[in-house]
Amino acid sequence: MQRLGVLAKTYAIDVVIVVLVLVGMVDTVLARNSAGSPNTSLWFALPAMAVLAIVIVAHRRFPFAGPAAYWVLGAAIAFIDPILLPAAESFFAVGLATAFLLGSLRDARKAGIGLAIILASTAILVSQIPGHTSAEVVFIPIDFAICWFAGFVFRRSADQAQAAETRALVAERDREADALRAVVEERTRIARELHDIVGHSLSVMTVQTSGVRRLLRPEQEQEREALLAVERTGREALAEMRRVVGALRDPNGGPALAPQPSLSRVDALVAHARETGLPVDLEIEGDPVPLPPGVDLTAYRLVQEGLTNAIKHASPGHAEVHVRYDDGYVEIEVCDDGRGADGIGAAAGGSGHGLVGMRERVSIYGGELDAGPRAEGGFRLHARLPVTA
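Note that residues are indexed from 1 along each chain, following the sequence as it is written. Local features in this predicted model are restricted to residues of pLDDT 70 or higher, and side-chain atom pairs are both shown and tallied only at a pLDDT of 80 or more, whereas totals for entire chains, interfaces and linings draw on every residue. Only heavy atoms go into the side-chain values, all of them from the structure, while hydrogens and water stay out.

**A look at the overall build of the protein**
Here comes step 1: On a plain count of helices and strands, the protein comes out with 12 helices and five strands.
Here comes step 2: The rule is simple: take the accessible area with a 1.4 Å probe, protein chains only, and divide by the maximum for that residue type; under 20% is buried, over 50% is exposed, in between is partly exposed. Taken across its 389 residues, the protein has 37% of its residues classed as buried.
Here comes step 3: The long-range share in the protein, meaning contacts at least 24 apart out of those at least 6 apart in sequence, stands at 71%. Only DSSP runs of H or I reaching four residues or more are called helices, and only runs of E reaching two or more are called strands; each is numbered from the N terminus. The criterion used for residue contact is that any of the two residues' heavy atoms lie within 4.5 Å.

Next up, the structure:
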């Protein structure tokens, strides 16, 4: 059914033109030998009408030549039989349709030539009719010119609509590319941060293994070899990880000398936001528990992104940060009373996809993230992260 609908929409005007020509041919046959009937025989009239239908339908292959040929042939037929086409009333509608087709040409120059052909051919057709008036020679071509103008306006509107659709598709592809880029950037950032966490833990394990190995007695050769293998494997893994993740680091960035971000230092983060002029209330519920390094870092980043976004984009007068330690979970909530509709956006580098990066970060640890405008105004960011795997 959908395919039939597309075909009907595509070939509707062709079908209408063919039907109108067939009606004109039937009228010509039925009116034969009556007053005002064509002077020529049916052996000329019917093939001539059929040729006119064929050249019009050929407009799909020849958008200009097909409809233009209809008018030129119609004017030529008028010299042979002046009332053949005027007697078939349906051909008036056919002429309107061909005028519309010429007006709707994408090439404005050809459309203008088509208008000239329409006016000249119509004037010839009317002037050949016995008993015509001067008003008919003037006003009948105007009827077809109006239909040509309708096609010209329709084409401009269709072109504008198509251009708008193309721009929308390009914008959508750009948004998808930006979102994908934001995910890749956030994953790269996470990989660099996890390298610091895992690298520190792996270094501690290697150093402790080396220390234990040195405390072994001389006769514990088997234990010494086992610990030496663990130490060697740890150092190789650490070196390999540094080589791989090192490629992800910014070559222009300096060494990370600041302490590793942690939710235990959220008060310092809030204090920094207050220094920028944003009043922030901090509330911590429950007893703080040690968090896995990755979860701890993610929770800190969520607060950081929420506050940074509020400062840069929401223009709020006040913000709130809630940290709640629950049984097996830690919840983070950042609310502000800003405009909210622009919400989470470009806190990370101004890309407009800060929320995409945060969702990616939270999903890695099996957490839940809810972000959006509040009913009372402003924006709310809420995340729930599992403390254990």
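**Let's talk about the packing of aromatic side chains**
Here comes step 1: Stacked, edge-to-face and tilted are the three classes for Phe, Tyr and Trp ring pairs, Trp counted by its six-membered ring, which pair at centre distances within 6.5 Å; planes under 30 degrees apart are stacked, over 60 edge-to-face, the rest tilted. A complete count under the given rule lists five aromatic pairs for this structure.
Here comes step 2: Between Tyr70 and Trp71, the ring centres sit 5.5 Å apart and the planes meet at 85 degrees, which makes this aromatic pair edge-to-face. Here the two residues Tyr70 and Trp71 agree in accessibility, since each one is buried.
Here comes step 3: Between Trp148 and Phe152 the ring centres are 5.5 Å apart and the planes differ by 15 degrees, which places this aromatic pair in the stacked class. Of this pair, Trp148 and Phe152 are both found in helix H8 (residues 134-215), four residues apart, which corresponds to roughly one turn of the helix.
Here comes step 4: Taking relative accessible area as the criterion, Trp148 reaches 10% and is therefore assigned buried.
Here comes step 5: Our definition puts a charge over a ring when NZ of Lys or CZ of Arg is within 6 Å of the ring centre and also within 35 degrees of the ring normal. Here the basic side chain of Arg384 rests over the ring of Tyr329, its NZ or CZ set 3.7 Å away from the ring centre.

**Section: the pattern of salt bridges**
Here comes step 1: Salt bridges, as used here, are contacts in which a Lys or Arg side-chain nitrogen is within 4 Å of a carboxyl oxygen on Asp or Glu. Enumeration over the complete set of coordinates arrives at nine salt bridges.
Here comes step 2: Between Arg380 and Asp370 there is a salt bridge whose closest N-O contact spans 3.4 Å. Here Arg380, found in strand S5 (residues 379-386), pairs with Asp370, found in strand S4 (residues 368-373); they are 10 residues apart in sequence, far enough to count as distant.
Here comes step 3: For Arg380, a relative accessible area of 25% puts it in the partly exposed group.
Here comes step 4: With its nearest N and O atoms 3.5 Å apart, the salt bridge here joins Glu376 to Arg374.
Here comes step 5: Through salt bridges that share partners, Arg324, Asp326, Glu331 and Arg384 make up one connected network.

**Considerations on the sheet that holds S4**
Here comes step 1: Between any two strands, pairing holds if DSSP finds at least two bridges. Read from one edge to the other, the open sheet built from five strands follows the order S1-S2-S3-S5-S4, with strand pairing classed as mixed. If you trace the sheet from one side to the other, it starts and ends with strand S1 (280-285) and S4, each paired once. Neighbouring strand axes in the sheet, compared pairwise and without regard to direction, differ in orientation by 5 degrees on average.
Here comes step 2: Where S1 meets strand S2 (residues 319-326), six bridges bridge the pair, whose relative direction is parallel. Following the sheet pairing, Asp281 is matched in S2 by Glu320.
Here comes step 3: Axes here mean lines fitted to C-alpha atoms, for a helix over just the part in contact, with angles spanning 0 to 180 degrees between N-to-C directions. Packing against the sheet, helix H10 (residues 266-275) makes contact with S1 and S2, and its axis sits at approximately 165 degrees to S1.

**What about the packing of helix H3 (residues 42-57) against helix H4 (residues 65-80)?**
Here comes step 1: The geometry of H3 relative to H4 is characterised by a closest axis approach of 8 Å and an angle of 160 degrees between their N-to-C directions. Between H3 and H4, the crossing angle belongs to the class labelled roughly antiparallel. Read as a crossing pair, H3 and H4 show a hand that is left-handed. Counted together, Phe44, Ala48, Val51, Leu52, Val55 and Ile56 of H3 and Gly66, Pro67, Ala69, Tyr70, Leu73, Gly74, Ile77 and Ile80 of H4 form the full contact between these two elements.
Here comes step 2: Residue classes follow a fixed rule: Ala, Val, Leu, Ile, Met, Phe, Trp, Tyr, Cys and Pro count as nonpolar, while Asp, Glu, Lys and Arg count as charged, and any other residue, Gly among them, counts as polar. Looking at the contact of H3 with H4 residue by residue, the classes come out as 12 nonpolar, two polar and no charged. Any angle that is under 35 degrees is reported as roughly parallel, and any over 145 degrees as roughly antiparallel; angles of 65 to 115 degrees are reported as roughly perpendicular and all others as oblique. By definition, turning the near helix anticlockwise from the far helix through less than a right angle yields a left-handed crossing, and turning it clockwise yields a right-handed one.

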